[in-house]
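Next come the chains, spelled out residue by residue.
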Amino acid sequence: MIVFDQVQKSYQVGGRAIPALHPTSMTIETGEVFGIVGHSGAGKSTLIRLINKLEPATGGRILIDDEDITRYSSADLRAFRRKVGMIFQHFNLLSSKTVADNIAFPMKLAGIYSKPEIRSRVEELLARVSLSEHANKYPSQLSGGQKQRVGIARALACRPTILLCDEATSALDPQTTQSVLKLLADINKELGLTIVLITHEMDVVRRVCDRVAVMDAGRVVEMGPVSKVFLHPQHPTTRDFVFESESVDRDELQEDLQKAEGRILRLTFKGESTYKPLLGSVARQSGVDFSILSGRIDHIKDTPYGQLTLSLVGGDLDVAMRALEAADVHVEVVR
Amino acid sequence: MEALMENLMGNVDWLEIGVASWDTLVMVGMSLLFSIIIGLPIGVLLFLFGKRQLLEQPVAYAVLSFVVNVLRSVPFIILLIVMIPFTVMLIGTSLGVAGAIPPLVAGGAPFFARLVETSLREVDRGIIEATQAMGANIRQIIFGALLPEALPGIIAGITVTAITLVSYAAMSGVIGGGGLGDLAIRFGYQRFQTDVMVITVALLVIFVQLLQMAGDRLVLYFSRK
């Protein structure tokens, strides 16, 4: 468990303290995938670096499994860092070392593993990230996705309990992003390690995270389970991110809504109700005519969801709304 | 043919040329070795003490940088003369091959240190950060990540330093340093033996070419980017 207790960080610039993170308190549970989303400069990079003290906090306490890491001596800190893996946007592999040597590197630094131990662990990890045949290549001979998989294998070498992902997929194409995210999700399930990832793409959060914190200008402005934050965003920044990830043009949507007749409802289906043929039966029951203005069916992590914006004309609206709510559909009246 | 050679190169004593070449080789080799031994740690310290680096130390950096700059700003021919008392103290003579090595190191080490500093700055900061995140201490960061990553740049630096030392070594002939430079000055310049001058210059050119080629090959061999 990672507990932030009134943690803050500011940088000294020309004698003045510029805050990068305003006092923040939050808890990241053991074994969850926790996403931090924000635009560049929002403070998410600083936040993730506080966890392994690459950046020291300037106030507050950070408790990791009940130990205050802000008080660690440098020797304690080095031992602690071996239990926290980290992967990076630009992979940060050593170009002078082979794939196998890159993965072995943290184990060699730790100085507590024998050579055969290192060799067998490296083989195991290479197989886990499906790169066994590339063991003796150099990073420059690999594709971006392969490099990130080496990064993941390296981060896992010393069997960490926490994995920090610093924009781990931002330099990858969509397809490679998919496969890297799947690997992260699998690792989280298999090893039960806690993953903290920062990203500027809500889509990444939607695919792998259990909970998310949205950051804006050095503050966490919204936090909660991904399904809640994603489907019912409250803060304007969060809304921006959700719209962005759905590639919805807000102006166009407004125009569409203005042209539509009658009441406008936004329906949110989650889980099983996503697949039920509900609208037809509701229309028959209530005599309401509807047209679909926009809609989307997708997954949040493993849970299917659907979101429809409808305009309804005629019939008995109350009956329709009751029938929808009875079927576990979240109804929001837009107009 | 032999008559032609006799006419063109009447003054050339090939044995003496051979000895002088060997002396130059020894002067360059020894001074390069000591320049690396002294310059490498200074270069690493310059890098580490630098702004926003791992051991940021503005005062230590300023002092070290000043010493390096002073040695580098003195023209080598002056450094040769200024160093004489120190050289005598250190090895008993300021003449010959041995006497030339201390001033050569005094010129070569600070030059190489700057090249090391520059090539360490070329190492991606992300790699240093990643190594820190793995729990490495400063020694492990230097020997495990920084130096291996900067190796091609450092080898290129050694090549440039070696070539600079070839020309410095030739200059040391002025104060009785020995080697090809000494030969060129005593015979080529003072006795107007143009043929000796041409041969020594040609040998120096070949020597520099060989150094550059070997250096380039090594850089290529160690570059994984």
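Our structure is the block above this text.
Keep in mind the model is a prediction, meaning the values are calculated, not measured. (Residues numbered from 1 in each chain as written. Chains lettered and ligands numbered in written order. Predicted model: local features only at pLDDT ≥ 70, side-chain atom pairs only at ≥ 80, totals over all residues. Heavy atoms only, no water.)

Attention now goes to the interface of chain B and chain A. At the junction of the two partners, chain B supplies 19 residues and chain A supplies 21 residues. The junction of chain B with chain A conceals about 1,800 Å² of combined surface from both sides, 57% of it contributed by carbon and sulfur atoms. Viewed at the interface, chain A and chain B are joined by one salt bridge. The partner of B:E129 in a salt bridge is A:R49, and the shortest N-O contact between them spans 2.5 Å. In this structure, the connection of chain B to chain A is made through seven residue pairs in polar contact (both at pLDDT 80 or more). Where the side of chain B that touches chain A is concerned, the elements lending two or more residues are α7 (125-133) and α8 (138-171) of chain B. Considering every element that reaches the side of chain B that touches chain A, the biggest residue donor is α7(B), with seven residues. (Contact = heavy atoms within 4.5 Å. Buried area = accessible area lost by both parts, 1.4 Å probe. Salt bridge = Lys/Arg side-chain N within 4 Å of Asp/Glu carboxyl O. Polar contact = N/O pair within 3.5 Å; in protein donor to acceptor, adjacent residues only side chain to side chain. Helix = DSSP H or I, 4+ residues; strand = E, 2+ residues; numbered from the N terminus.)

A separate point is the packing of helix α3 (residues 99-110) of chain A against helix α4 (residues 115-128) of chain A. Residues and elements named next belong to chain A. Contact pair α3 / α4: the axes reach a minimum separation of 9 Å and the direction vectors enclose 125°. Considered as vectors, α3 and α4 are oriented oblique to each other. Every pair of crossing elements has a handedness; the one defined by α3 and α4 is right-handed. On α4, the residues touching V99, A100, I103, A104, M107 and K108 of α3 are E117, I118, R121, V122, L125 and L126. Tallied by class, the residues present in the contact of α3 with α4 amount to nine nonpolar, no polar and three charged. (Axes fitted to C-alpha atoms, helices over the stretch in contact; angles between N-to-C directions. Parallel < 35°, antiparallel > 145°, perpendicular 65-115°, else oblique. Left-handed = near helix turned anticlockwise from the far one by under 90°. Nonpolar A, V, L, I, M, F, W, Y, C, P; charged D, E, K, R; others polar.)

Take the sheet that holds strand β10 (residues 219-225) of chain A next. Residue and element names in this part refer to chain A. Spatially, six strands are ordered β6-β7-β8-β3-β9-β10 in an open sheet, and the strand pairing comes out mixed. What marks the edges here is a single partner per strand, and that holds for β6 (84-88) and β10. Along the sheet, successive strands turn relative to each other by an average axial angle of 15°, direction set aside. The sheet contact formed by strand β7 (residues 162-166) and strand β8 (residues 194-199) spans five bridges and is parallel. Residue pairing for β8: L163 is matched across the bridge by I195. Where helix α1 (residues 44-51) meets the sheet, its contacts fall on β3 (33-38), β6, β7, β8 and β9 (211-216), and the angle it forms with β8 comes to roughly 155°. (Pairing = 2+ DSSP bridges.)

Before going further, it helps to examine the packing of aromatic side chains. In total, this model carries four aromatic pairs over all chains according to the counting rule given. Look at B:F76 and B:Y168: their rings are 4.0 Å apart centre to centre, the planes differ by 5°, and that puts the pair in the stacked class. Placement of the pair is B:F76 in helix α4 (residues 76-82) and B:Y168 in helix α8, with a sequence separation of 92 residues. A:K97 extends its terminal NZ or CZ atom over the ring of A:F105, reaching a point 4.9 Å from the ring centre. (Phe/Tyr/Trp six-rings, centres within 6.5 Å; stacked < 30°, edge-to-face > 60°. Lys NZ or Arg CZ within 6 Å of the ring centre and 35° of its normal.)

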